[in-house]
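Reading the structure
Here is how the chains run, residue by residue.
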Amino acid sequence: MIRNKSTALGNFVSDIVSSSQDGIDIALINSGSLRGELPGGKVTLANMYEFFPFDNLIILTTLNGRQLKTILQLSVSKAGEGAFLQVSKDCIINVDSNGKLLESYINGKAINDNDKYVVAVADYIFNGGEKYIDSSGKPLFQYGDNIIHTGLDIRDLIINKLKEYQNVPESVIDNTERIIFN
């Protein structure tokens with residue numbers, strides 16, 4: 001299911017990444033990095049390693065809107081695959097029935113081709129994983145400016161957030177479909 005649409009769990013993880021640093025406009029998490037569901041009640045370290053088995057570090061890159069929309073179009077074309085990206089809060093992606101990106105918004109504003117956006121992504125995707133590459137093989141995220149290797153591990157951020165909450169409040173669970181297939 002998580003490889004076909006936005007889900008509460010994908011929203012949760014992308015929101016944790018988005019809030020990990022100031023100035024992030026959008027966090028993109030490949031669905032293939034999220035394995036299964038977290039159990040209700042007590043979550044063990046073993047559960048976390050089953051759910052998020054990869055040592056993915058967050059990289060920030062500043063892309064223009066045209067570059068970002070190219071990546072979002074590629075993502076929606078990969079619905080059903082691990083490459084399908086989950087998006088952070090305040091992002092809405094509208095796609096037509098043929099899988100074409102119609103509209104994309106961040107904070108209620110349409111993504112503008114010439115504006116700059118700070119994008120948080122796992123190092124695996126940043127380096128071209130899941131075939132986020134152009135026709136020459138260059139990773140799409142590496143076209144960005146101001147590239148920052150944060151050193152923050154996504155799994156560690158999830159673990160810390162769960163410890164902070166102890167019991168995840170209902171108000172944090174966001175079932176909003178952020179990627180809408182019309």
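What you are looking at is a predicted structure, and each value in this text was computed from that prediction instead of being measured.

Turning our attention to the overall build of the protein. Along the backbone of the protein there are 5 helices and 9 strands. Reading the protein from its N end, one meets helices and strands in the order α-β-α-β-α-β-β-β-β-β-α-β-α-β. In terms of overall dimensions, the protein has a C-alpha envelope of 45 × 35 × 25 Å along the principal axes. Intrachain contacts of the protein at a sequence separation of at least 6 include 75% that bridge at least 24 residues. Counting only carbon and sulfur atoms, one obtains 47% of the accessible surface of the protein, whose full area is about 9,000 Å². Across the protein, the centroid of the 17 positively charged side chains sits 2 Å from that of the 22 negatively charged ones.

Attention now goes to the packing of helix α1 (residues 8-18) against helix α5 (residues 154-165). In the contact formed by α1 and α5, the axes pass within 10 Å of each other and the chain directions differ by 100 degrees. By the angle class used here, α1 and α5 are roughly perpendicular. Across the interface between the two elements, F12, V13, I16 and V17 from α1 touch I154, L157, I158, K161, L162 and Y165 from α5. Its residues assigned to classes, the contact of α1 with α5 comprises 9 nonpolar, no polar and 1 charged.

In this structure, R35 sits in the loop between β1 (26-30) and α2 (45-51). Classification of R35 as partly exposed rests on a relative accessible area of 40%. In sequence terms R35 and I180 are 145 residues apart; their C-alpha atoms lie 22 Å from each other. Setting aside residues up to four positions removed in sequence, R35 forms contacts with R3, E50, F51, P53 and F54. Within the structure, R35 has its side chain in polar contact with the backbone oxygen of G32 (distance 2.6 Å).

Time to look at the packing of aromatic side chains. According to the stated counting rule, one finds 2 aromatic pairs in the structure shown. On the numbers, 6.2 Å between centres and 50 degrees between planes, the contact of Y132 with F141 is tilted. Since its relative accessible area comes to 0%, F141 is described here as buried. It is K138 that lies over the ring of Y143; its NZ or CZ is 4.2 Å from the centre.

Here we come to unusual backbone geometry. Here N107, not a glycine, exhibits a phi torsion of approximately 55 degrees, which is positive. Within the secondary structure layout, N107 lies in the loop between β5 (101-106) and β6 (109-110).

Quick notes on the rules
- Residues numbered from 1 in each chain as written.
- Predicted model: local features only at pLDDT ≥ 70, side-chain atom pairs only at ≥ 80, totals over all residues.
- Heavy atoms only, no water.
- Helix = DSSP H or I, 4+ residues; strand = E, 2+ residues; numbered from the N terminus.
- Contact = heavy atoms within 4.5 Å.
- Areas by Shrake-Rupley, 256 points an atom, 1.4 Å probe, with all protein chains shown as cover.
- Lys, Arg positive; Asp, Glu negative; His and termini not counted.
- Charge placed at Lys NZ, Arg CZ, Asp CG, Glu CD.
- Axes fitted to C-alpha atoms, helices over the stretch in contact; angles between N-to-C directions.
- Parallel < 35°, antiparallel > 145°, perpendicular 65-115°, else oblique.
- Nonpolar A, V, L, I, M, F, W, Y, C, P; charged D, E, K, R; others polar.
- Buried < 20%, exposed > 50% of the residue type's maximum accessible area, 1.4 Å probe, protein only.
- Polar contact = N/O pair within 3.5 Å; in protein donor to acceptor, adjacent residues only side chain to side chain.
- Phe/Tyr/Trp six-rings, centres within 6.5 Å; stacked < 30°, edge-to-face > 60°.
- Lys NZ or Arg CZ within 6 Å of the ring centre and 35° of its normal.

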